[in-house]
Amino acid sequence: MDKLNLAFLLIVVSIFAVDSQQPNFIIMLMDDMGWGDLGTLGEPAKETPNLDKMADEGMLLTDIYASNPLCSPSRAALLTGRLPIRTGFYTTNAHARNAYIPQNVMGGIQSDEVLFPKLLQKAGYTTKIVGKWHLGQQPEYLPLKHGFDEWFGAPDCHVGPYDNKVEPNIPVYENDHMVGRYYEEFPINKKSGESNMTQVFVESAVEFITRQASEKKPFFLYWAPDATHTPVYASKEYLGTSKRGLYGDAVRELDDGVGTILDKLKQLDIAKDTMVFFSSDNGPALNSDVMGRQFPS
């Protein structure tokens with residue numbers, strides 16, 4: 001069990017043990033972002049003011065490691081607190097075998113795995129995932145079967161586009177209903193790198209937080225945008241604004257998204273009742289051709 005998951009589980013235990021105000025939890029998990037992308041950790045362009053401020057005002061944990069260098073096993077470990085191989089997500093000498101779940105793979109997270117949000121549900125929390133799931137494509141493996149009350153996002157990354165003859169584009173869900181597909185109802189321009197998906201993910205997170213605050217219910221938000229996973233994208237207003245190219249544009253937009261979410265907590269007067277964690281799933285994709293200066297997590 002890695003240190004971050006152990007910390008989460010200890011927090012859950014404390015919730016059951018102490019009869020007091022239940023804190024809210026937000027996990028912000030980036031996709032293929034390295035620790036060297038943040039100004040607080042030395043990135044010279046200093047283009048992440050919100051995350052740098054978050055580190056200054058909170059705790060900067062520099063000795064925490066992702067459990068695997070690939071998306072699915074890292075995310076399975078984060079949500080279960082178990083080594084990836086124990087959940088069926090693991091690597092072998094065959095590159096990435098059993099370690100990630102593209103849409104043509106039938107498997108996924110098993111029903112007997114106890115995920116962090118399931119524990120929180122039992123403690124009276126409302127739980128939501130916004131963004132990338134990547135623990136299975138079939139209905140029995142999707143988030144609402146594994147501890148989440150709500151979901152807006154996709155079961156896989158925004159890879160594509162596909163021809164819809166041999167393979168369809170990745171679906172996007174609102175809870176258990178498909179509401180469109182990447183490159184279709186949710187466009188991504190691979191040539192320019194333009195897409196407003198990060199803004200859509202921010203809006204979904206803010207709406208959920210606002211609704212839970214108005215109902216005075218404790219909540220868990222798992223915010224997992226994927227803009228920094230190739231093919232990298234950013235909204236039109238961010239394109240060309242970074243010294244580090246398109247990848248830097250995506251990081252700047254995500255940083256602003258973090259700032260928007262943290263500001264909303266303050267506006268709703270629940271910031272002191274909310275624990276917010278920021279991390280990356282596995283560090284940068286070093287084989288990508290759209291990377292800025294970054295380092296593995």
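For the structure, see preceding data.
This text gives an overview of the structure that appears in the document. (Residues numbered from 1 in each chain as written. Predicted model: local features only at pLDDT ≥ 70, side-chain atom pairs only at ≥ 80, totals over all residues. Heavy atoms only, no water.)

**Concerning the environment of Leu60**
So, point 1. Here Leu60 shows up in the loop between helix H2 (49–57) and helix H3 (71–80).
So, point 2. With relative accessibility at 42%, the residue Leu60 sits in the partly exposed group.
So, point 3. Separated by 218 residues in sequence, Leu60 and Phe278 place their C-alpha atoms 9.7 Å apart.
So, point 4. If we skip the residues at most four places from it in the chain, Leu60 touches Thr40, Leu41 and Ala55. (Helix = DSSP H or I, 4+ residues; strand = E, 2+ residues; numbered from the N terminus. Buried < 20%, exposed > 50% of the residue type's maximum accessible area, 1.4 Å probe, protein only. Contact = heavy atoms within 4.5 Å.)

**Some points on the packing of H2 against helix H7 (residues 245–267)**
So, point 1. Interaxial distance between H2 and H7 falls to 7 Å at its minimum, and their mutual angle equals 50°. Comparing the axis directions of H2 and H7 gives the class oblique. Here Pro49, Asn50, Leu51, Lys53, Met54 and Glu57 of H2 lie close against H7, whose contacting residues are Asp255, Asp256, Val258, Gly259, Leu262 and Lys266.
So, point 2. Taken together, the residues of the contact of H2 with H7 break down into 5 nonpolar, 2 polar and 5 charged. (Axes fitted to C-alpha atoms, helices over the stretch in contact; angles between N-to-C directions. Parallel < 35°, antiparallel > 145°, perpendicular 65-115°, else oblique. Nonpolar A, V, L, I, M, F, W, Y, C, P; charged D, E, K, R; others polar.)

**Things to note about the packing of aromatic side chains**
So, point 1. Across all of its chains, the model carries 10 aromatic pairs by this definition.
So, point 2. Considering the side-chain rings of Phe25 and Tyr125, the 5.9 Å spacing of their centres and the 35° angle between planes classify their relative orientation as tilted. One end of the pair, Phe25, is in strand E1 (residues 24–30); the other, Tyr125, is in the loop between helix H5 (116–122) and strand E2 (126–132), with 100 residues separating them in the sequence. The burial state of Phe25 is the same as that of Tyr125; both residues are buried.
So, point 3. The rings of Phe25, Phe116, Tyr125, Trp133, Phe148, Phe220 and Tyr222 are connected pair by pair, giving a single aromatic cluster. (Phe/Tyr/Trp six-rings, centres within 6.5 Å; stacked < 30°, edge-to-face > 60°.)

**Here we look at the packing of helix H6 (residues 197–215) against H7**
So, point 1. H7 packs onto H6 with a crossing angle of 10° between their chain directions and a minimal axis gap of 10 Å. The orientation of H6 with respect to H7, classified from their angle, is roughly parallel. From H6, Thr198, Gln199, Val202, Ala205, Val206, Ile209 and Thr210 reach across to H7, where they touch Glu253, Leu254, Gly257, Thr260, Ile261, Lys264 and Leu265.

**Concerning the sheet that holds strand E5 (residues 177–181)**
So, point 1. Taken together, the 7 strands give an open sheet; going across it, the order is E5-E4-E3-E2-E6-E1-E7, and neighbouring strands pair in mixed fashion. Lying at the two open borders of the sheet, with one neighbouring strand each, are E5 and strand E7 (274–280). With strand direction ignored, the average angle separating the axes of adjacent strands in the sheet is 15°.
So, point 2. Direction of pairing for E1 relative to E7: parallel, over a ladder of 7 bridges. Each residue of the ladder has a partner; that of Phe25, found in E7, is Met275. (Pairing = 2+ DSSP bridges.)

**Digging into the environment of Val276**
So, point 1. Within the secondary structure layout, Val276 lies in strand E7.
So, point 2. Val276 has contacts with Ile26, Met28, Met54, Leu262 and Leu265, leaving out every residue within four places of it along the chain.

**Focus on H2**
So, point 1. Within H2, burial applies to Leu51, Asp52, Met54 and Ala55. In an axial view of H2, the angular spread of the buried residues amounts to 160°, which keeps them on one side of the axis. More than 90 degrees from the buried face of H2, the exposed residues found are Asp56 and Glu57.
So, point 2. Elements that come into contact with the buried residues of H2 comprise H7 and E7. (Arc of directions from axis to C-beta.)

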